[in-house]
Amino acid sequence: MPHKDLLDIESLKREEIEHLLEQAIPFKDLFTRSVKKVPALKGKSVLMLFYEASTRTHSSFEVAAKRLSADVTNFDVAHSSITKGESVRETIETLQAMRSDFIIVRHSRSGLPATIAKLTRASVINAGDGAHAHPTQALLDAFTIKEKFPDPTGKRVLIVGDILHSRVARSTSTILKKIGVEVAYLGPGSLVPRTGPENIRRFTDYQAAMAWAPDVVYLLRVQMERQDVQYFPSLREYHRLYGVTDARLAEIRERGLYLMHPGPVNRGVELCDAVMDYERSLINDQVENGIAVRMAVLYWLKPGAVMG
Ligand code: CP
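Thresholds, definitions, all that
- Residues numbered from 1 in each chain as written.
- Predicted model: local features only at pLDDT ≥ 70, side-chain atom pairs only at ≥ 80, totals over all residues.
- Heavy atoms only, no water.
- Helix = DSSP H or I, 4+ residues; strand = E, 2+ residues; numbered from the N terminus.
- Phe/Tyr/Trp six-rings, centres within 6.5 Å; stacked < 30°, edge-to-face > 60°.
- Buried < 20%, exposed > 50% of the residue type's maximum accessible area, 1.4 Å probe, protein only.
- Lys NZ or Arg CZ within 6 Å of the ring centre and 35° of its normal.
- Pairing = 2+ DSSP bridges.
- Axes fitted to C-alpha atoms, helices over the stretch in contact; angles between N-to-C directions.
- Contact = heavy atoms within 4.5 Å.
- Domains from an automatic or database assignment.
- Buried area = accessible area lost by both parts, 1.4 Å probe.
- Salt bridge = Lys/Arg side-chain N within 4 Å of Asp/Glu carboxyl O.
- Polar contact = N/O pair within 3.5 Å; in protein donor to acceptor, adjacent residues only side chain to side chain.
- Nonpolar A, V, L, I, M, F, W, Y, C, P; charged D, E, K, R; others polar.
- Core = buried A, V, L, I, M, F, W, Y, C linked by side-chain atoms within 4.5 Å.
- Near = heavy atom within 4 Å.
- Areas by Shrake-Rupley, 256 points an atom, 1.4 Å probe, with all protein chains shown as cover.

A. Examining unusual backbone geometry more closely. Cis rather than trans, the peptide bond between glycine 263 and proline 264 has omega equal to -10°. Its location among the elements puts proline 264 in the loop between strand E9 (258-260) and helix H10 (283-300). One non-glycine residue, serine 69, lies in the positive phi region at around 70°. Mapped onto the secondary structure, serine 69 falls in the loop between helix H2 (56-67) and strand E2 (71-74).

Structure (structure tokens):
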């Protein structure tokens, strides 16, 4: 069945995930050619509706849409009537007049992209909603891992940090489990919820987590903007207990582990400066793969289809 929207990873079957990841490969190959554009979405329009800041997701969706020859409109939230109190519903009803084929939305409120999807025939892509979901981040993470481990079955990914507030942790751990990867969480007890997804080991001690023998260490950004109370004594203490310090990087290098981070990074908190030059850091690969994966998503979704 065609999907109209991409709102979360839970709604995707394993074969649909595998199909999207396969489809991203030729789109990535396009980057190395002199002609980087294909006419796949010629005549289609993409509306970017970002109520929260973004560098990677916003720019890579824009590049992806343009490489598919779609027309892109950036809705300027800061200078819109939203600043005069207009509701999201009124905004969407007004924007309907533009007859966009795709609406890419990021908002601090969990579930808002799903609400918008019900109001419009356009395909809605969730570019991150509160602490709920970030499905295209999850797809690009899975793609990046599969580039290193073509059969990722049984590989182990340790996700470190602020699990509680992280839409990336939720979506990425869901997709990894769907493709057969084992997942564990590591972080302060206050930021690693006991309830939630099953079959995920939870650690609060760094050495115990490393003894689990991960293949990939996936660092999360500490999201100070979503923390309403203090969850750990200080950022310095967080770095000491859970950050990739110079000493931990030496151990990670010795073991040959890959390092990932969705960005933006807090240097001196999740990781030390030297991580950026680590030969098995996949952080830049994640950014590059984001374009190919988002091209695959735009190409796959069917605006106006019945299924969500
Ligand atoms: N990973 C991610 O969502 O980054 P941005 O906030 O820069 O889009």
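Okay, back to it.
B. Representation of the packing of aromatic side chains in the model. Counting across every chain of the model gives four aromatic pairs. On the numbers, 6.4 Å between centres and 55° between planes, the contact of phenylalanine 203 with tryptophan 212 is tilted. Per residue, the accessibility class of phenylalanine 203 equals that of tryptophan 212, and both read buried. Positioned over the ring face of tyrosine 258 is arginine 280, at 4.7 Å from the centre of the ring. In this structure, arginine 294 is placed above the aromatic ring of phenylalanine 61, and the distance from its NZ or CZ to the ring centre is 5.1 Å.

C. Highlighting the sheet that holds strand E3 (residues 102-107). Taken in spatial order, the four strands line up as E2-E1-E3-E4 in an open sheet, and their pairing is parallel. Only two strands of the sheet have a single neighbouring strand rather than two, namely E2 and strand E4 (123-129). If you compare each strand with its neighbour and ignore which way they point, the axes differ by 15° on average. When strand E1 (residues 45-50) meets E2, the two strands line up parallel, connected through four bridges. Paired with leucine 47 across the two strands is threonine 73, which belongs to E2. Packing of helix H4 (residues 112-119) onto the sheet brings it into contact with E1, E3 and E4, and relative to E4 it is tilted by some 165°.

D. Layout of the domain arrangement of the chain. By the assigned domains, the chain splits into domain 1 (14-133 + 288-300) and domain 2 (135-282). On a C-alpha basis, the centres of domain 1 and domain 2 stand 26 Å from each other. Contacts between domain 1 and domain 2 engage 27 residues on the former and 24 residues on the latter. Taken over both partners, the interface formed by domain 1 and domain 2 buries close to 2,000 Å², and the fraction arising from carbon and sulfur atoms is 61%. Seen at the junction of domain 1 and domain 2, the total is three salt bridges. Here lysine 146 and glutamate 18 are joined by a salt bridge, their closest N and O atoms 3.4 Å apart. Remark: the boundary between domain 1 and domain 2 carries ten residue pairs in polar contact (both at pLDDT 80 or more). Tallying contributions element by element places helix H1 (residues 14-30) first for the side of domain 1 that touches domain 2, with eight residues. Along the lines of polarity and charge, the residues of the side of domain 1 that touches domain 2 split into eleven nonpolar, eight polar and eight charged.

E. Seen up close, the nonpolar core. The biggest cluster of nonpolar side chains holds 58 residues, and the ones touching the most others in it are Ile104, Leu139, Ile159 and Leu298. Two domains share this core, each providing at least three of its residues, namely domain 1 (14-133 + 288-300) and domain 2 (135-282). Excluding residues within four positions of it along the chain, leucine 298 makes contact with Leu41, Phe61, Ala64, Ala65, Leu68, Phe102, Ile104 and Ile125. By size, the runner-up hydrophobic cluster in this structure holds 28 residues, among which are Leu158, Val222, Phe232 and Leu257.

F. Representation of the site of the ligand. Contacts to the ligand come from Ser54, Thr55, Arg56, Thr57, Arg106, His134, Gln137, Pro262 and Gly263. Between the ligand and arginine 56 there is a distance of 2.7 Å, counted from an oxygen atom to a side-chain nitrogen or oxygen. Contacts to the ligand include glycine 263, whose backbone N or O atom sits 3.4 Å from a nitrogen atom. Compared with its free state, where it exposes 260 Å², the ligand has 92% of that area covered by protein. Residue composition of the shell around the ligand, grouped by class: one nonpolar, six polar and two charged. Two domains each donate at least three residues to the shell around the ligand, and these are domain 1 (14-133 + 288-300) and domain 2 (135-282).

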